[in-house]
Amino acid sequence: MHKKTMEVPNNAAPLNNSSKHSTEIIIDTLIINAELCDGSGYKSIQQDVAIKGDKIIAIGDLKHWNATTLIDGEGLLLAPGFIDVHTHDDLEVLRNPQMHNKISQGVTSVIVGNCGISASPYQSDKAPIDPINLLGKPEEFCFPNLQAYVTKFKQIKPFINVAALVGHTSLRAQVMDSLDRAATPVEIEQMVLLLRSALEQGAKGFSTGLAYHNANCAPTEEVQALVQLLGDYSAIYSTHLRTEFDGIIDALDEAFSVGKKAEVPVVISHLKCAGKNNWGRAGEILNHIESNQQNQHISCDCYPYNASSSTLDLAQVTEDFEVYITWSEPHPEKAQQTLAAIAEQWQVSLLEAAKRLQPAGAVYHGMFEEDVRTIMRAPYSMIGSDGLPCDPHPHPRLWGTFPRVLGHYCRDENVLALAQGIHKMTGLSATEFKLNQRGFIREGYFADLVLFDPETIKDVASFTNPVATSKGIKCVWVNGQLSYENNAAVSMQGAGRFLTHNEVC
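Residues numbered from 1 in each chain as written. Predicted model: local features only at pLDDT ≥ 70, side-chain atom pairs only at ≥ 80, totals over all residues. Heavy atoms only, no water.

A look at the overall build of the protein
Helix and strand counts for the protein stand at 15 helices and 26 strands. Over its C-alpha trace the protein gives a radius of gyration of 23 Å, about what one expects of a compact globule, namely 23 Å for 505 residues. Projecting the C-alpha coordinates of the protein onto the three principal axes gives extents of approximately 75 × 50 × 45 Å. Scored against the burial criterion, the 505 residues of the protein give a buried share of 60%. Considering only contacts within the protein whose residues lie at least 6 apart along the sequence, 75% involve residues at least 24 apart. (Helix = DSSP H or I, 4+ residues; strand = E, 2+ residues; numbered from the N terminus. Rg over C-alpha atoms; globule rule 2.2 N^0.38 Å. Buried < 20%, exposed > 50% of the residue type's maximum accessible area, 1.4 Å probe, protein only. Contact = heavy atoms within 4.5 Å.)

Details of the pattern of salt bridges
This model, assessed by the stated rule, comprises 20 salt bridges. For the salt bridge of Arg-242 with Glu-254, the shortest nitrogen-to-oxygen distance reads 2.8 Å. Separated by 12 residues along the polypeptide, Arg-242 in the loop between β15 (236–240) and α8 (248–262) and Glu-254 in helix α8 bring together distant segments of the chain. With a relative accessible area of 22%, Arg-242 lands in the partly exposed category. With a closest N to O distance of 3.0 Å, Glu-284 and Arg-281 form a salt bridge. Given a relative accessible area of 41%, Glu-284 falls into the partly exposed group. Look at Arg-281 and you get buried, because its relative accessible area is 17%. Linked by salt bridges that have partners in common, Asp-84, Asp-89 and Lys-102 make up one network. (Salt bridge = Lys/Arg side-chain N within 4 Å of Asp/Glu carboxyl O.)

Thoughts on the sheet that holds strand β26 (residues 488–489)
Adjacent strands of a sheet pair through backbone hydrogen bonds, lying either parallel or antiparallel. Across the sheet, seven strands lie side by side as β4-β3-β8-β23-β24-β25-β26; this open sheet has mixed pairing. Edge positions in the sheet fall to β4 (45–46) and β26, since each has one partner strand and no second. (Pairing = 2+ DSSP bridges.)

Thoughts on the packing of helix α4 (residues 168–175) against helix α5 (residues 185–200)
One can describe the packing of α4 onto α5 by two numbers: an axis separation of 9 Å at closest approach and a directional angle of 125°. Taken together, the axis directions place α4 and α5 in an arrangement best described as oblique. For α4 against α5, the interelement crossing comes out right-handed. Of the residues in α5, those in contact with Leu-171, Arg-172, Gln-174 and Val-175 of α4 are Glu-187, Gln-190, Met-191, Leu-194 and Leu-195. Class assignment of the residues belonging to the contact of α4 with α5 gives a composition of five nonpolar, two polar and two charged. (Axes fitted to C-alpha atoms, helices over the stretch in contact; angles between N-to-C directions. Parallel < 35°, antiparallel > 145°, perpendicular 65-115°, else oblique. Left-handed = near helix turned anticlockwise from the far one by under 90°. Nonpolar A, V, L, I, M, F, W, Y, C, P; charged D, E, K, R; others polar.)

A look at the packing of helix α7 (residues 220–227) against α8
Where α7 meets α8, the closest approach of the two axes is 9 Å, and the angle between their N-to-C directions is 35°. Between α7 and α8 lies a crossing of right-handed hand. Residues Thr-220, Val-223, Gln-224 and Val-227 of α7 form the contact with α8, whose participating residues are Glu-254, Ser-257, Val-258, Lys-261 and Ala-262. Tallied by class, residues from the contact of α7 with α8 come to four nonpolar, three polar and two charged.

What follows is the structure, given as structure tokens:
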């Protein structure tokens, strides 16, 4: 890749562009000679891209256009900026606005507030409850409403775009004195008011994490009362199912029923076949989804690993697969060991060891690789990292998800065609989450772009060395601003924007 700041001679007309894109315009950035994969799922073709301000203003044969900065992308591929549809970056974008763990993968936009946990609305004079504690420290939760969060976002100026879901567990924690029960009608009405306010302030939708203890006691009727609001705002219902283990079909049916009654799109979070008894069921589960897609809109996200990560859940303590402890408040010295090894050291059962370690975090090696591949191939599955930035020894998906899809699964394993892999992290994601004028390389769209080497792109993060920058990402633009190049942030402040359900703030 060659980069020059120069003025290109103007002696030829652009290809397939209207007169409004006159070559008399001096554009900010011109990217030439790269293979362009536009996010639609179609194969790449060599075309040049012109950027002025925050938009793509022309695509075609533009080598004779005037530009302040010329990027020669020969041998490289230009794609829309990747969209991480499943994150827990709510506070991370404020804490570390350069977002190196994401922008180094080519990610330009993230969806926060997944799994029923969101940083807003959430305030408490106590330590955040599980699993909201995954997001950050008590003093960081200072957002009584979404507008307060957006205001802080604009002050911080992160390097990536953010769209937000409102978490069910966060709502429960704001209005209920105890979360191990169903909400009362009065409490539900209070949650409805909080959710409505957030939707009016630009939230993309609502998420649940019904598998977690602090939401599991919520009956379907409580969830339905909240999801029912979403249709008025063209919003989305995203759910971490009540179970991803043996009862997954019933859990899917609950989600489908809730979404269908409210007439809103349903996104199944990190779809998987969890637990040894579930291994090999991916085909059955996808068939069930596709049968229900005949009557309603359903999609899902997934990550390219056969291990999950979260807080240490007593319900997932088992001898069937390895449970790896990433942190423990009462016993920090036991981190980075398996639960089995710790139990042996203490001469107690796995369950007793897990109880002693809590609160703690864990990686669960409880998935079957072929199921991961089958779900990834589904035409409606998007890519999301589900990374936990506060984990002191995070799952490698935090740093490696998107290059892993393109390098390992597309190039090396041929699980997906490269254009399909890109579509699952760009155009499909933007369409499902209604990110206007993003996710595709098209004239008039925002210039969120990533230039990478398809031959060398590779995830480096591993379970033993999880914090490692991926290889092969050359340049990343966010809203037209070159933000990442040569493994480092380029600009002094970010160009990221908060994305609402109907426009850009």
